[in-house]
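Here is what each chain is made of, one letter per residue.
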Amino acid sequence: MKLSVIVPVYNVEYYLPACLNSILPVLESEDELFLIQGKSTDQSRQISLRYQSEYPQIKVLNQNGQGLSNARNCGLYAAVGDMVLFVDSDDFIETATLQKLLKQLRELERLPDVVMTDFFRYYESTGIKQQIEQIGQRSIKGLDALPAILKRHTCFWNVWRNLYRREFLIEHELLFRENTYAEDVDYMTRVFLAKPELWMVDAPFYCYRIGRNGSLMNATSLTRVKQTAEVLEKSVQRLHGANTAWSRSLVGGFQFEYILNLALIQELPKEQRREATALFKHYRQVILPTQDQSVRQVATFMRLFGVSFTAKILAAAKWMKRKRERRTP
């Protein structure tokens, strides 16, 4: 089994060495590590070229557009590995865990389409690493097992928590939607709807960095609110069409995320909040019907008190959660 690792690189000079140093030990001689270059204004490109000169598996490529999705697509076009792993350049890997997982995959005669794992959140301000446990200490297979891991309202759509069989992605034309926020939501919706052979395993290897200065996830704009709401709405509509137990479970997760994104309204300038609130005027079409009890309760609250007041309550809850996370996991 040959592995292709795709790492978009843009203004991450302080994080890129740690990212690469965590990946390199898992690579065998035939594996490949793509560093897809955006137009960085720091030393990210120079660091990438230095690593390329030292490690034959590394290939530095310039992306042909802009943004994270475009960079990932450029990597997919160039990759020739059997399995693909996406890593964001400000994150890092639990090397030993990924090494063990890859050893198991390399011994298989036939690879699954998608291998899903749990992951860690690494809090930049405290150095605390918290495991987000959905799969836990078990190994389960099949889309029908998805509802078992989606009971805690935690993210399940992060692209980087999985390994993908490259031929499966090619066969189903699974490229990333470019020039939009919430690209992972859109991508994983299409991955699931392609009905992959899915393995969920106890091998949490990915460490997602929370609170990095300059991260796109720290910036809120009207465009981000609009595009995120649109992507979530479209994903819910697509999954309703599948009408299976696992798709209904995914719908509940996206409906809950749609509600949580109301909090972003309060992070916008006051003059933009009215326009942002109007984006959610058809919220009933997105969050109803639902099998999720929490979503039903919030839907009732929104009907009684309105979108704007609900957004204020959720923003306050989000602020308290962030404050708590900076102290303890």
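Quantities reported herein were computed from a predicted structural model and do not represent experimental measurements.

### Observations concerning the overall build of the chain
- A count of helices and strands for the chain gives twelve helices and ten strands.
- Against the 2.2 N^0.38 benchmark of 20 Å for 329 residues, the chain shows a C-alpha radius of gyration of 20 Å, consistent with a compact globule.
- For the chain, the C-alpha atoms occupy an extent of roughly 60 × 45 × 40 Å along the three principal directions.
- Burial status across the chain gives 52% buried among its 329 residues.
- A separation of at least 24 residues holds for 77% of the contacts in the chain among residues at least 6 apart in sequence.
- Taking the average place of the 44 positive charges on the side chains of the chain and the average place of its 36 negative ones, the gap between the two points comes to 8 Å.

### Comments concerning a nonpolar patch on the surface
- Taken together, Leu304, Phe305, Phe309 and Ile313 make up a surface patch of nonpolar side chains, about 400 Å² in accessible area.
- With respect to the helices and strands, the residue Leu304 is situated in helix α12 (residues 293-325).
- Relative accessible area serves as the criterion here: at 55%, Leu304 is assigned to the exposed category.

### Observations regarding the packing of helix α7 (residues 183-193) against helix α8 (residues 222-242)
- The N-to-C vectors of α7 and α8 enclose an angle of 10 degrees; their axes lie 9 Å apart at closest approach. Between α7 and α8, the angle is such that the two are roughly parallel. The segment α7 lies against α8, with Val185, Asp186, Thr189, Arg190 and Leu193 engaging Val231, Leu232, Ser235, Arg238, Leu239 and Ala242.
- Along the lines of polarity and charge, the residues of the contact of α7 with α8 split into six nonpolar, two polar and three charged.

### Some details on the nonpolar core
- By size, the foremost hydrophobic cluster in this structure holds 67 residues, and its most contacted members are Leu146, Tyr187, Phe192, Met200 and Ile287.
- Contact partners of Ile287, with chain neighbours within four places excluded, come to Gln255, Tyr258, Ile259, Val295, Ala299 and Met302.
- Judged by nonpolar contacts, the second largest core, of 38 residues, contains Val7, Leu27, Leu101 and Phe205.

### Digging into helix α9 (residues 245-260)
- The end-to-end C-alpha distance of α9 is 23 Å, a good match for the 22 Å that 16 residues give at a rise of 1.5 Å each.
- The element α9 is largely enclosed, with a buried count of 13 among its 16 residues.

### Some words on the pattern of salt bridges
- Following the criterion strictly, the structure yields 16 salt bridges and no others.
- Note that Arg161 is salt-bridged to Asp118, the shortest N-O span being 3.5 Å. Remark: Asp118 occurs in strand β6 (residues 114-123) and Arg161 occurs in the loop between α5 (146-149) and β9 (162-165); sequence separation between them is 43 residues. Neither residue differs from the other here; Arg161 and Asp118 are each classed as buried.
- With a closest N to O distance of 3.0 Å, Arg238 and Asp186 form a salt bridge. Placement of the pair is Arg238 in helix α8 and Asp186 in helix α7, with a sequence separation of 52 residues.
- A network of salt bridges, in which partner residues are shared, links Glu28, Asp31 and Arg106.

### Considerations on the state of the cysteines
- Taken as a whole and assessed by the stated rule, the structure comprises zero disulfides.
- With no disulfide of its own, Cys74 lies closest to Cys19 among cysteine sulfurs, the gap being 18 Å.
- Given a relative accessible area of 11%, Cys74 falls into the buried group.
- Summary of cysteine pairing: Cys155 is not part of a disulfide, and the nearest cysteine sulfur, belonging to Cys207, is at 16 Å.

What counts as what
Residues numbered from 1 in each chain as written. Predicted model: local features only at pLDDT ≥ 70, side-chain atom pairs only at ≥ 80, totals over all residues. Heavy atoms only, no water. Helix = DSSP H or I, 4+ residues; strand = E, 2+ residues; numbered from the N terminus. Rg over C-alpha atoms; globule rule 2.2 N^0.38 Å. Buried < 20%, exposed > 50% of the residue type's maximum accessible area, 1.4 Å probe, protein only. Contact = heavy atoms within 4.5 Å. Lys, Arg positive; Asp, Glu negative; His and termini not counted. Charge placed at Lys NZ, Arg CZ, Asp CG, Glu CD. Patch = residues over 30% accessible without salt bridge, like charges linked within 9 Å, V, L, I, M, F, W, Y side chains within 5 Å. Areas by Shrake-Rupley, 256 points an atom, 1.4 Å probe, with all protein chains shown as cover. Salt bridge = Lys/Arg side-chain N within 4 Å of Asp/Glu carboxyl O. Axes fitted to C-alpha atoms, helices over the stretch in contact; angles between N-to-C directions. Parallel < 35°, antiparallel > 145°, perpendicular 65-115°, else oblique. Nonpolar A, V, L, I, M, F, W, Y, C, P; charged D, E, K, R; others polar. Core = buried A, V, L, I, M, F, W, Y, C linked by side-chain atoms within 4.5 Å. Expected span 1.5 Å × (residues − 1). Disulfide = S-S within 2.5 Å.

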